[in-house]
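Take a look at the letters that make up each chain.
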Amino acid sequence: MVSVELSGVSKTWGGTAAVDDVSFSVGGGKLVALLGPSGCGKSTTLRLVAGLEEASAGSIVIGGRDVTTAPPSKRGIAMVFQNYALFPHLSVGENILFGLQVRKVSRAEQDERLKKAADILGLDGLLERKPSQLSGGQQQRVALGRAIVARAPVCLMDEPLSNLDAQLRVEMRREIRELQQRLGMTMVYVTHDQVEAMTMADQVVLMRNGRIEQDAPPDELYENPASIFVARFVGTPPMNVVPLQALTAAGGAIVAPPGLDPAGLSVGIRPEVSELGESGIAAEVVAVEYLGADTLVEARIGGHPFIVRRPGKVRAAAGDRIYIRLSQSLLHWFDQSTERRVVPG
Ligand code: ADP
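Residues numbered from 1 in each chain as written. Predicted model: local features only at pLDDT ≥ 70, side-chain atom pairs only at ≥ 80, totals over all residues. Heavy atoms only, no water.

A. Structural context of the overall build of the chain. Along the chain, the regular secondary structure elements total nine helices and 18 strands. Oriented by its inertia axes, the alpha-carbon framework of the chain measures out at about 75 × 45 × 35 Å. Looking at the 345 residues of the chain, the share that counts as buried comes to 48%. Considering only residue pairs separated by 6 or more positions, the chain has 66% of its internal contacts joining residues 24 or more positions apart. Roughly 15900 Å² of accessible area belongs to the chain as shown, and the carbon and sulfur atoms make up 49% of that amount. Taken as two groups, the 36 positive and 38 negative side-chain charges of the chain have centres that lie 4 Å from each other. (Helix = DSSP H or I, 4+ residues; strand = E, 2+ residues; numbered from the N terminus. Buried < 20%, exposed > 50% of the residue type's maximum accessible area, 1.4 Å probe, protein only. Contact = heavy atoms within 4.5 Å. Areas by Shrake-Rupley, 256 points an atom, 1.4 Å probe, with all protein chains shown as cover. Lys, Arg positive; Asp, Glu negative; His and termini not counted. Charge placed at Lys NZ, Arg CZ, Asp CG, Glu CD.)

Next comes the structure, spelled out in structure tokens:
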């Protein structure tokens, strides 16, 4: 299985860095998600790996070979785009085989690969249709089919599910993950959807303003976010992050880690481990959202928003005074000025 490695890769346009000194590696047969808000440089990073953009600095190694200046066709990659890039006048079968025809693969070999891919993707009865006669999910499978018949060891995907409705997205992300593991593909998967990244990836590279904010497995990202940005990007609803002083002023018996200036610290805690009690940190309820399995109580602590998520139904209404209880061992600590995690010494 083939690995992908980026070292110090940058891409600048007119003096502005879209990708700024990015280094990460994707182990053979692993799925790495590039996650982050719109404009943070995910697609540009993927296009650099594909060879569709030329790096301004740094190196890209695929399968042990430096491909930094190699054309896309010499990199051993297949790419699936957001808009599927299907040809409307070609049939499903022709669309899947398009790349192989260009590369002059023999007819017999094409037939065999098409049959296998159609089988894997459940497209058997649809090969004669035109893309316009398919549902969104089926069109997505055709785009995947192309990547499969290419037998490229590395597959690059740019927001492949964003045109599908919510339920189909859930199905397709399972399908893609299952396929990627079954075929032993190395995959780089771009998404702005943290749920997609968390559920599919072995490793998540979370980007912000062209730089890597954190590169970690999903559980590590959730449990040990490296910054306030990561803490709030991963998990729904996002982690509460409030200045320590606002919590103590509202009656919280929270102790700052030894050796740190309490005035410069913010406290992070997930809504799902925040509790309600008869006493504790005084807060005012702003809104209550009952979701069936649980309830989100949106509150304010001295002007700072704070969400408590409790199982079942919580009897509270806007304007109520409530008391929030936080367990010291579940707190995350951040430096207010750098916004980075501080590890209690
Ligand atoms: P993302 O995929 O995370 O939404 P992109 O990689 O598409 O972000 O874009 C990162 C930044 O680079 C953005 O500010 C975008 O405007 C800029 N950018 C992307 N492509 C070009 C280009 N061809 N020319 C100039 N700037 C670009």
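B. Region of the structure containing the site of the ligand. All residues adjacent to the ligand are W13, A18, P37, S38, G39, C40, G41, K42, S43 and T44. K42 has a polar side-chain atom sitting 2.9 Å from an oxygen atom of the ligand. Note that an oxygen atom of the ligand is positioned 2.5 Å from one of the side-chain N or O atoms of T44. Protein coverage of the free-state accessible area of the ligand, which is 560 Å², stands at 54%. Among the elements that make up the shell around the ligand, the one with the highest residue count is helix 1 (residues 42-50) (three residues). Taken together, the residues of the shell around the ligand break down into four nonpolar, five polar and one charged. (Near = heavy atom within 4 Å. Polar contact = N/O pair within 3.5 Å; in protein donor to acceptor, adjacent residues only side chain to side chain. Nonpolar A, V, L, I, M, F, W, Y, C, P; charged D, E, K, R; others polar.)

C. Focus on the domain arrangement of the chain. Split into domains, the chain comes out as domain 1 (4-228) and domain 2 (238-335). A C-alpha centroid distance of 39 Å is found between domain 1 and domain 2. On the side of domain 2, six residues touch domain 1, which itself brings six residues to the contact. Buried surface at the junction of domain 1 and domain 2, summed over both partners, amounts to about 500 Å²; 64% is from carbon and sulfur atoms. Broken down residue by residue, the surface that domain 1 buries against domain 2 is led by Y222, P225 and I228, which jointly contribute 86%. For the interface between domain 1 and domain 2, the tally reads zero salt bridges. (Domains from an automatic or database assignment. Buried area = accessible area lost by both parts, 1.4 Å probe. Salt bridge = Lys/Arg side-chain N within 4 Å of Asp/Glu carboxyl O.)

D. Quick peek at the pattern of salt bridges. On inspection of all chains with the given rule, the structure shows 13 salt bridges. The closest approach of N and O atoms between R47 and E53, which form a salt bridge, is 3.1 Å. With a closest N to O distance of 2.9 Å, R177 and D202 form a salt bridge. Note that R177 is positioned in helix 5 (residues 166-182) and D202 in the loop between helix 6 (194-200) and strand 9 (203-208), a separation of 25 residues in sequence. Among the charged side chains, a network of salt bridges with common partners joins R169, D193 and E196.

E. How the structure looks around helix 4 (residues 136-149). For helix 4, built from 14 residues, the straight-helix expectation of 20 Å at 1.5 Å per residue is met to within 8% by its first-to-last C-alpha distance of 20 Å. Within helix 4, ten of the 14 residues are buried, which leaves the element mostly enclosed by the surrounding structure. Those residues of helix 4 not exposed but buried are G137, Q140, R141, V142, A143, L144, G145, A147, I148 and V149. Of the surrounding secondary structure, the elements contacted by the buried residues of helix 4 are strand 6 (77-80), helix 2 (92-102), helix 3 (107-121), strand 7 (154-158) and helix 5. (Expected span 1.5 Å × (residues − 1).)

F. Quick look at the environment of G302. Inspection of the secondary structure puts G302 in the loop between strand 15 (294-301) and strand 16 (304-311). The exposed category is assigned to G302, whose relative accessible area is 73%. With 288 residues separating them along the chain, G302 and G14 place their C-alpha atoms 45 Å apart.

G. The arrangement of the sheet that holds strand 16 in detail. Taken in spatial order, the five strands of this open sheet run 13-17-14-15-16, and their pairing is antiparallel. Here the strands that pair on one side only, and so sit at the sheet edges, are strand 13 (275-277) and strand 16. For this sheet, the mean angle separating the axes of adjacent strands, direction not counted, is 50°. Pairing analysis gives three bridges linking strand 13 to strand 17 (residues 321-325), with the strands arranged antiparallel. Paired with G277 across the strands is Y323, a residue of strand 17. (Pairing = 2+ DSSP bridges. Axes fitted to C-alpha atoms, helices over the stretch in contact; angles between N-to-C directions.)

H. Region of the structure containing the pairing of strand 16. Sheet analysis places strand 15 next to strand 16, joined by eight bridges and oriented antiparallel. Among the inter-strand pairings, L296 is bridged to a residue of strand 16, identified as R309. Hairpin geometry of strand 15 and strand 16 is characterised by an intervening segment of two residues between the two adjacent antiparallel strands and by a positive phi of about 50° at G302.

I. Representation of the packing of helix 2 against helix 4. Taken N-terminus to C-terminus, the directions of helix 2 and helix 4 make an angle of 35°; their axes are 8 Å apart at the nearest point. For the pair helix 2 and helix 4, the sense of crossing is right-handed. Of the residues in helix 4, those in contact with V92, N95, I96 and L100 of helix 2 are V142, G145, R146 and V149. Considered class by class, the residues forming the contact of helix 2 with helix 4 number five nonpolar, two polar and one charged. (Left-handed = near helix turned anticlockwise from the far one by under 90°.)

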